[in-house]
Amino acid sequence: MRMKPTLTQDDVAIMIAACHAKEQELGLRGTIAVVDFGGDLLFLTRPDTQSPNSVEVALRKARTAAFRERPSSSLESRVKERPGWLMFPNGLPMSGGIPLFFNGECVGGIAVSGIADDDEIVAKVGADALSKATLPAG
């Protein structure tokens, strides 16, 4: 039987703290979603200043990153070249979603919505924080 690593609530807390720090640095607040490899929601936060629609957008970006195992912006680029990719199931071709990896295996996705060009920047900071926290000691 194959064993698959999974995200923990501690992992999520590390990513969210890093995202909030980057948001504070930028003077912005976005909606943040974290999903596991199956696309199930593990965490969601929507600031009072964000539209309720940003919840669905962040969730879909995170799922896109997890299911495709690459940033949601890569689907955005692919759609420009081949519009048929708009039909990709569970895919939202917008930047802001980043896949999460542990030991080379995708374990989920994190996404930010509502802060335009900075969505992917903030999500990447969260993903990078997880990578740093899960590196082997030594």
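Just so we're clear, the structure is a prediction, and the values are computed from it rather than from any experiment.

(A) Seen up close, the environment of phenylalanine 37. Inspection of the secondary structure assignment puts phenylalanine 37 in the loop between strand E1 (31–36) and strand E2 (41–45). Residues phenylalanine 37 and methionine 15, 22 residues apart in the sequence, show an inter-C-alpha distance of 16 Å. For phenylalanine 37, the residues in contact, after removing those within four places along its chain, are Lys4, Ala66, Phe67, Glu69, Cys106, Val107 and Gly108.

(B) Region of the structure containing unusual backbone geometry. We note that asparagine 90 has phi near 55°; this positive angle belongs to a residue other than glycine. You can see asparagine 90 is positioned in the loop between helix H3 (72–81) and strand E3 (97–102). Exposure remark for asparagine 90: the relative accessible area of 52% places this residue in the exposed category. We note that alanine 116 has phi near 55°; this positive angle belongs to a residue other than glycine. When you line up the elements, alanine 116 lands in the loop between strand E4 (105–113) and helix H4 (119–133).

(C) The arrangement of the sheet that holds E1 in detail. Taken in spatial order, the four strands make up an open sheet running E2-E1-E4-E3, and their pairing is antiparallel. Edge strands, defined here as strands with exactly one partner in the open sheet, are E2 and E3. Taken over all neighbouring pairs, the strand axes of this sheet differ in orientation by 15° on average, direction set aside. Relative to E4, E1 runs antiparallel, the two sharing six bridges. Of the residues in E4, the one forming a bridge with alanine 33 is alanine 111. The strands that helix H1 (residues 9–26) touches are E1, E2, E3 and E4; relative to E1, the one it contacts most, it runs at about 155°. Relative to E4, H4 is tilted by about 145°, and along the sheet it contacts E3 and E4.

(D) Quick peek at H4. Compared with the 21 Å implied by 1.5 Å per residue over 15 residues, the 22 Å span of H4 between its first and last C-alpha is a close match. Along H4, the positions that sit buried rather than exposed are Asp119, Glu120, Val122, Ala123, Gly126, Ala127, Ala129 and Leu130. Those residues of H4 that are buried lie in contact with H1, helix H2 (53–68), H3, E3 and E4.

(E) H3, seen in detail. Among all positions in H3, only Ser72, Ser73, Leu75 and Val79 are buried. Down the axis of H3, the sector holding all buried residues measures 155°, keeping them to one side. Looking at H3, the residues exposed on the side facing more than 90 degrees away from the buried face are Lys80 and Glu81. Summarising the contacts, the buried residues of H3 are in contact with H2, E3 and H4.

How each quantity is defined
Sequence order as written defines residue numbering, which begins from 1 separately in each chain. For a predicted model such as this one, the threshold for reporting local features is a pLDDT of at least 70, and the threshold for listing and counting side-chain atom pairs is 80 or more; totals across whole chains, interfaces and linings nevertheless cover every residue. The side-chain numbers reported here are obtained from all heavy atoms of the structure, hydrogens and water having been left aside. Elements are defined by DSSP. Helices are runs of H or I of four residues or more, strands are runs of E of two residues or more, and each kind is numbered from the N terminus. By the convention used here, residues are in contact when the closest approach between their heavy atoms is within 4.5 Å. Here the term buried applies to any residue with accessible area under 20% of the maximum for its type, exposed to any over 50%, and partly exposed to those in between, with areas from a 1.4 Å probe on protein chains only. Pairing between strands is defined by DSSP: at least two bridges between the two strands are required. Axis definition: a line fitted to C-alpha atoms, over the contacting stretch in the case of helices. Angles run 0 to 180 degrees between N-to-C directions. Helix span is expected to be 1.5 Å times the residue number reduced by one. The arc refers to the directions leading from the helix axis to the C-beta atoms.

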